[in-house]
Amino acid sequence: MMVRRAQREDIPRMVEIERLCFPEEAAFPPKMFSYLLTYAEALVAYNGQVEGFVVGYTSGKMGRIYTLDVHPDYRRRGVGGVLMKGMEEVLASKGARILRLEAAVENPAALALYLKAGFRKGSLIKDYYGLGKDACRMIKERS
Ligand SMILES: CC(C)(COP(=O)(O)OP(=O)(O)OC[C@H]1O[C@@H](n2cnc3c(N)ncnc32)[C@H](O)[C@@H]1OP(=O)(O)O)[C@@H](O)C(=O)NCCC(=O)NCCS
């Protein structure tokens, strides 16, 4: 499996995976992907086909991870971890020293992955994903 920059040809597959990962109201709308590839940082995990992707952004010393998606058929094989590592390197190369993301408090898989990747839990954000759907902010300071 290799991690590479997302390309325009990857967009249909990224949209498909996004739909499998998140309910419609929480998913990036299909039209947004072209924008993300142009203005944000997007990496895909590729192994004959795209198995997952990650999108992030950097502004000064702050790096943000917007989404991390692994196709359900390829989970628990290290794909998410490798994508996170790749995105951390991209954001760091652009100057990010503090990485931040939000994860649903009811998403134990994501929370476990981010803790394993060295993030710590920050504040709780009430209703971040809609009424009663809270998020946990997660932070990682790079030395
Ligand atoms: C969260 C997600 C990206 C994890 O991807 P993945 O490729 O399965 O993750 P990895 O195989 O790299 O797992 C890395 C570590 O994360 C943790 N982890 C991953 N999935 C887990 C699960 N279902 N339960 C508990 N821990 C889990 C484990 O610590 C794991 O290490 P281990 O396998 O050595 O125990 C994937 O489940 C997914 O796409 N979910 C839907 C979308 C989503 O919720 N994205 C995150 C939004 S904030």
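This write-up is about the structure you can find in this document.

Parameters and conventions
- Residues numbered from 1 in each chain as written.
- Predicted model: local features only at pLDDT ≥ 70, side-chain atom pairs only at ≥ 80, totals over all residues.
- Helix = DSSP H or I, 4+ residues; strand = E, 2+ residues; numbered from the N terminus.
- Core = buried A, V, L, I, M, F, W, Y, C linked by C-beta atoms within 7 Å.
- Buried ≥ 20, exposed ≤ 12 C-beta atoms within 10 Å, placed from the backbone.
- Contact = placed C-beta atoms within 7 Å.
- Near = placed C-beta within 6 Å.
- Pairing = 2+ DSSP bridges.
- Axes fitted to C-alpha atoms, helices over the stretch in contact; angles between N-to-C directions.
- Right-handed = clockwise from strand over helix to strand, strands pointing away.

What follows concerns the environment of Gln49. Looking at the element boundaries, Gln49 is found in the loop between strand E2 (41–46) and strand E3 (50–59). Along the primary structure Gln49 and Met1 are separated by 48 residues, whereas in three dimensions their C-alpha atoms are 9.5 Å apart.

What follows covers the nonpolar core. Residues Leu43, Phe53, Val54, Leu83 and Met87 are the most contacted members of the largest nonpolar core, which totals 30 residues. Elements that contribute at least two residues to this core include exactly helix H1 (11–21), helix H2 (32–39), E2, E3, strand E4 (62–70), helix H3 (79–93), strand E5 (98–104) and strand E7 (135–141). Residue contributions to this core peak at 5 residues, all from H3. With residues near it in sequence (within four places) discarded, Leu43 still touches Val3, Arg4, Arg5, Ala6, Phe53, Val54, Leu83, Gly86, Met87 and Val90.

Quick look at the site of the ligand now. Neighbouring the ligand are 19 residues, the closest being Arg75, Gly80, Gly81, Ala109 and Leu113. When residues of the shell around the ligand are traced back to their parent elements, those giving at least two are E4, H3 and helix H4 (108–116).

Across the sheet, 7 strands lie side by side as E1-E2-E3-E4-E5-E7-E6; this open sheet has mixed pairing. Each of the sheet's edge strands pairs with one partner strand only, and the pair in question is strand E1 (2–5) and strand E6 (120–125). If you compare each strand with its neighbour and ignore which way they point, the axes differ by 25° on average. The sheet contact formed by E1 and E2 spans 4 bridges and is antiparallel. The residue of E2 that forms the bridge with Met2 is Tyr46.

Here we take up the pairing of E5. Here E5 shows a clear split, with Leu99, Leu101 and Ala103 buried on one side and none of Ile98, Arg100, Glu102 and Ala104 buried on the other. Relative to E5, E4 is paired through 3 bridges, and the arrangement is parallel. Note on E5: the bridge partner recorded for Arg64 is Arg100. Where the polypeptide runs from E4 across H3 and back to E5, its parallel neighbour, the crossover connection is right-handed.

Turning to its location among the elements, Ala6 is positioned in the loop between E1 and H1. With 22 C-beta atoms packed within 10 Å, Ala6 lands in the buried category. Distance in space between the C-alpha atoms of Ala6 and Phe53 is 8.0 Å, their sequence separation being 47 residues. In contact with Ala6, not counting residues within four places along its chain, are Met14, Leu37, Ala42, Leu43, Val44 and Phe53.

Here we come to the pairing of E6. Summarising burial for E6: 0 of the 6 residues are buried, a small minority. Note that E6 and E7 share 4 bridges and pair antiparallel. Within E7, the residue paired with Leu124 across the bridge is Cys136.

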